[in-house]
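Structural description and commentary
Below are the chains, spelled out letter by letter.
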Amino acid sequence: MKGISEKTLIKIKDLKASVKLNNGDMLTTVTNANMELQRGRSYAIVGKSGSGKTSLISIIGLLNREYEGEYLYDGISISALKDRDLSILRANNIGFVFQNYSLIKHLRVWENIELPLLYAKKSFTAKQRHEIITGLLKSVGLESKENDYPINLSGGEQQRVAIARALAVSPEAILCDEPTGALDKKTGTQIMELLHSVVKENGIMLLLVTHDPDIADTCDTIFEMDGGRITCAKNDT
Ligand SMILES: Nc1ncnc2c1ncn2[C@@H]1O[C@H](COP(=O)(O)OP(=O)(O)OP(=O)(O)O)[C@@H](O)[C@H]1O
C-alpha cells in the first residue's frame, strides 16, 4: 500500500482511547499514539503503572476497538471491519502471551497448544495438528511434557506452553503483556531468549509490555508511555 513499507504490519496514527468511569466521567487512557510496527522486529512498551500500556496493547491486539484515530493492519483499515471479521483476523494472525500464562487447567499441554488450531479459519486434519504440536513442543523444549497438566509444570514451563500456543497458527504478530512478570530473573531471561529466537526465525513482529528495563532492552525499539502518551521511542540501530 502507498506510503507503507512492505515490512510494516501495523500502523497506528493519532490513536486515542478512553474509558467511562463509574461516575460517568470519561478517562483518557491513550492519547495521540503513533506507531509503525514491522515484521521481524521487536518492540517493548514501558512506563509506570497506569500509564496506558495495557490499554494500548489491547487495541493493537484487536481486543478493543473503542478508539479514535487510524489503525491499519497490513494496510487494511480496522475500522472498516465487522466484529466477526475482526475476530477472524485476530484468531489467525495474532498470538498472545500473558503474565499468568492463561492456560486451560483441565487440558493437557498438547491440548492447550491445539486449541487455536481448532478455532482457526483454516481447518487442520488431526494428523496436521499432531505434526504442528510436535514441532512446537520441540521448539519450546517440552517434548517430554506433552501429556502433563499445567498445574504440574513450573512457571517457566507454563510460559513455554503459552508461547507454543501463541505460535500454533503461524501468527504474524505476538503480543505479550508482562511475559516474564511471574518468573524469576534467570527463567525470565530464558523465556525472552526463546521468544526472540522463535519470532526472528519466523519473521514475526513481537510487541511486549514490561516493567523490567532489562527485558525491554532485549527489544529493537522501546516505547515509553506516560499519562497515555508515547513520550519516547528508542531505536537499537
Ligand atoms: N475499565 C477501566 N475502568 C476504569 N479505569 C480504567 C479501565 N481501564 C483502564 N483504566 C485506567 O486507565 C489508565 C491506564 O490503564 P492501563 O491498564 O492501560 O495502564 P498500565 O500502564 O497497563 O498499568 P499497569 O502497569 O499497572 O498494568 C489507568 O489509570 C487505569 O486505572
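Residues numbered from 1 in each chain as written. Predicted model: local features only at pLDDT ≥ 70, side-chain atom pairs only at ≥ 80, totals over all residues.

What follows covers the site of the ligand. Taken together, Val19, Leu21, Leu27, Thr29, Gly47, Ser49, Gly50, Ser51, Gly52, Lys53, Thr54 and Ser55 form the complete shell of residues around the ligand. Put simply, the parts of the chain that give the shell around the ligand at least two residues each are strand 2 (26-38) and helix 1 (53-60). Take the shell around the ligand: its biggest share by element is three residues, from helix 1. Tallied by class, the residues present in the shell around the ligand amount to three nonpolar, eight polar and one charged. (Near = placed C-beta within 6 Å. Helix = DSSP H or I, 4+ residues; strand = E, 2+ residues; numbered from the N terminus. Nonpolar A, V, L, I, M, F, W, Y, C, P; charged D, E, K, R; others polar.)

Okay, the sheet that holds strand 10 (residues 229-235) next. Backbone-to-backbone hydrogen bonds pair the strands of a sheet. The strands run either parallel or antiparallel. In spatial order, the strands read 6-7-8-3-9-10; together these six strands make up an open sheet with mixed pairing. The open sheet is flanked by strand 6 (94-98) and strand 10, the only strands paired with a single partner. The average angle at which neighbouring strand axes cross in this sheet is 15°, direction not considered. Pairing of strand 3 (residues 42-46) with strand 9 (residues 221-226), which is carried by four bridges, proceeds in the parallel orientation. Bridge assignment links Val46 to a residue of strand 9, and that residue is Glu224. (Pairing = 2+ DSSP bridges. Axes fitted to C-alpha atoms, helices over the stretch in contact; angles between N-to-C directions.)

Turning to helix 3 (residues 109-119), a few remarks are in order. Regarding helix 3, the residues found buried are Val109, Trp110, Asn112, Ile113 and Glu114. Next to the buried residues of helix 3 lie helix 4 (126-139) and helix 5 (155-167). (Buried ≥ 20, exposed ≤ 12 C-beta atoms within 10 Å, placed from the backbone. Contact = placed C-beta atoms within 7 Å.)

Once that is clear, we can look at the confidence of the model for the protein chain. For the protein chain, the average pLDDT comes to 93, and 97% of its residues sit at 70 or higher. Here the predicted complex scores 0.91 on pTM and 0.95 on ipTM. (pLDDT = per-residue confidence, 0-100.)

Secondary-structure assignment places Val140 in the loop between helix 4 and helix 5. Using a count of 24 C-beta atoms within 10 Å as the deciding quantity, one classes Val140 as buried. Sequence separation of Val140 and Ile191 is 51 residues, and the distance between their C-alpha atoms is 9.3 Å. Sequence-distant contacts of Val140, that is, excluding residues within four places in its chain, are made with Arg160, Ile163, Ala164 and Leu194.

It is the contact of helix 5 with helix 6 (residues 185-202), at a shortest axis distance of 10 Å, that shows an interaxial angle of 15°. Put simply, helix 5 runs roughly parallel to helix 6. Read as a crossing pair, helix 5 and helix 6 show a hand that is right-handed. Facing helix 5, whose interface residues are Gly155, Gly156, Gln159, Arg160, Ile163 and Leu167, helix 6 presents Thr187, Gln190, Ile191, Leu194, Leu195 and Val198. The residue inventory of the contact of helix 5 with helix 6, partitioned by class, reads six nonpolar, five polar and one charged. (Parallel < 35°, antiparallel > 145°, perpendicular 65-115°, else oblique. Left-handed = near helix turned anticlockwise from the far one by under 90°.)

The next subject is the pairing of strand 2. Sheet analysis places strand 1 (residues 8-20) next to strand 2, joined by nine bridges and oriented antiparallel. Within strand 2, the residue paired with Ala17 across the bridge is Val30. In textbook terms, the turn of a hairpin is the stretch between consecutive antiparallel strands, and for strand 1 and strand 2 this stretch comprises five residues, one of which, Gly24, has a positive phi near 95°.

A few words now on helix 5. Under the 1.5 Å per step criterion, the end-to-end length of helix 5 is 18 Å for 13 residues, consistent within 8% with the ideal 18 Å. Burial analysis of helix 5 places 10 of its 13 residues in the buried class, which makes it a mostly covered element. All buried positions along helix 5 are accounted for by Gln158, Gln159, Arg160, Val161, Ala162, Ile163, Ala164, Arg165, Ala166 and Leu167. In this structure, the buried residues of helix 5 make contact with strand 6, helix 3, helix 4, strand 7 (173-177) and helix 6. (Expected span 1.5 Å × (residues − 1).)

Taken in spatial order, the four strands of this open sheet run 2-1-4-5, and their pairing is antiparallel. This sheet does not close on itself; its edge strands, each paired only once, are strand 2 and strand 5 (76-77). Of the strand pairs in this sheet, strand 4 (residues 68-73) and strand 5 are connected by two bridges, and their pairing is antiparallel. Residue pairing across strands places Tyr73 opposite Ile76, the latter belonging to strand 5.

As a further point, take the packing of helix 3 against helix 5. Here helix 3 crosses helix 5 at 30°, and the two axes come no closer than 7 Å. By the angle class used here, helix 3 and helix 5 are roughly parallel. Helix-helix and strand crossings are classified by hand; for helix 3 and helix 5 the assignment is right-handed. Each of Val109, Asn112, Ile113, Leu115 and Pro116 in helix 3 lies in contact with helix 5, whose residues at this interface are Val161, Ala164 and Arg165. Of the residues assigned to the contact of helix 3 with helix 5, the class counts are six nonpolar, one polar and one charged.

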